[in-house]
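Breakdown of the fold
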Amino acid sequence: MKLPDPAQINCVACIGAGSIGGAWAAHFLRKGYDVRAWDPAGDGESRLRHTIDTAWPSLTELGLSPGADRRRLTVLQTLEEALDGAEFVQESAPEDIPTKVGLLSQIDSATSPAVVIASSTSGYNMTELQVNCIHPERTVVGHPFHPVYMVPLVEVAPGKRTDQVVVDWAMQFYEHAGKAAVRCNEGVHGFIANRLQSAILREAQHMISAGEASAFDIDRAISQGPGLRWAIMGPILTLHLAGGEGGIESYFEKFPDDHKEPYSRLDSPEITNDLRKKMTNGAKMLAQGRSATELAEERDRLLLGVLSAVRGGL
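Residues numbered from 1 in each chain as written. Predicted model: local features only at pLDDT ≥ 70, side-chain atom pairs only at ≥ 80, totals over all residues. Heavy atoms only, no water.

Turning our eyes to something else, we now look at the pairing of strand β6 (residues 139–144). Within a regular strand, side chains alternate between the sheet's two faces. For β6, the tally of buried residues reaches six of six residues, placing the bulk of the element in the interior. With burial as the criterion, each face of β6 is covered, one bearing T139, V141 and H143 and the other bearing V140, G142 and P144. Bridging between strand β5 (residues 116–119) and β6 involves three bridges; their strand directions are parallel. The residue bridging A118 from the neighbouring strand is V140, located in β6. Across four bridges, the pairing between β6 and strand β7 (residues 153–157) is antiparallel. Within the sheet, the bridge partner assigned to H143 lies in β7 and is E155. (Buried < 20%, exposed > 50% of the residue type's maximum accessible area, 1.4 Å probe, protein only. Helix = DSSP H or I, 4+ residues; strand = E, 2+ residues; numbered from the N terminus. Pairing = 2+ DSSP bridges.)

As structure tokens, then:
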């Protein structure tokens, strides 16, 4: 399968301009790409430009690539116009299988087979989404973490009919575009990061439901504990360090039965009205009256500090 050099891509299409699609557009503009965007909603363009304008001060502080310019955004009236000239497509439609299946089929029909099409889906397998594509071999999941323009992670996953060459290409393209790409095997529902954070959330729900800990203490335990380490290294490397000079092998030798400890229940608890109320009240207490916009701005500001520390400066 002949594909262009991922390092030579200049123009990307962002199809869907909601919170995820808009954040993708902001990221690509920051990295110096021409961005062609389309959204079927009547207020799609105004929402998109608001997202980019809101993000731009943080992106400027994070560092703009040569050629980065908000004026390189073009919002088109039709899907076909947005796809015209695009060398890569990032689809970010709502999480609805019929919608995504239909949209990916339209994108597939309107673009050259050499254009890779990625979906931002947060949980659907590409096998489910590529069913009506004429060229399903060039479709792949490109699942980001929000805010897309700040958090580097993107999870790349194929469908059963995706060419492995396309997976390799997408990994290279995203890395060149300033993302931290990880590879998921076909069929891993929810991909990697969502499965891991879901396990933590389910255990938190168990503890709140059983009265073992409050929402405040659970969030504080993560943000002031393992969350700080996880910004630098993941759980596997952290476990490796726990073994001292002998590494993870030494850890397993010292604690052969550690995995049997009842640290996690894993099964999802029943989301009763009582549990929902406790979690809702806990979230409101944690927000301390701050709006979603205020919380997002604070999150971005603090993420700048974390990224600066981890990378040794912006």
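Still more ground to cover, so stick around.
A few words now on the pattern of salt bridges. As enumerated under the stated definition, the model contains 14 salt bridges in all. Among the salt bridges present, the one from E91 reaches K100, with a minimum N-O distance of 2.5 Å. When its relative accessible area of 0% is taken as the criterion, K100 is described as buried. The salt bridge involving K278 is made with D274; its shortest N-O contact spans 3.3 Å. Of this pair, K278 and D274 both sit in helix α12 (residues 273–287), four residues apart, which is roughly one turn of the helix. Classification of K278 as partly exposed rests on a relative accessible area of 31%. Classification of D274 as partly exposed rests on a relative accessible area of 45%. Connected via shared salt-bridge partners are D39, D43 and R47. (Salt bridge = Lys/Arg side-chain N within 4 Å of Asp/Glu carboxyl O.)

Note that all results are geometric; they support no functional claim without further evidence.
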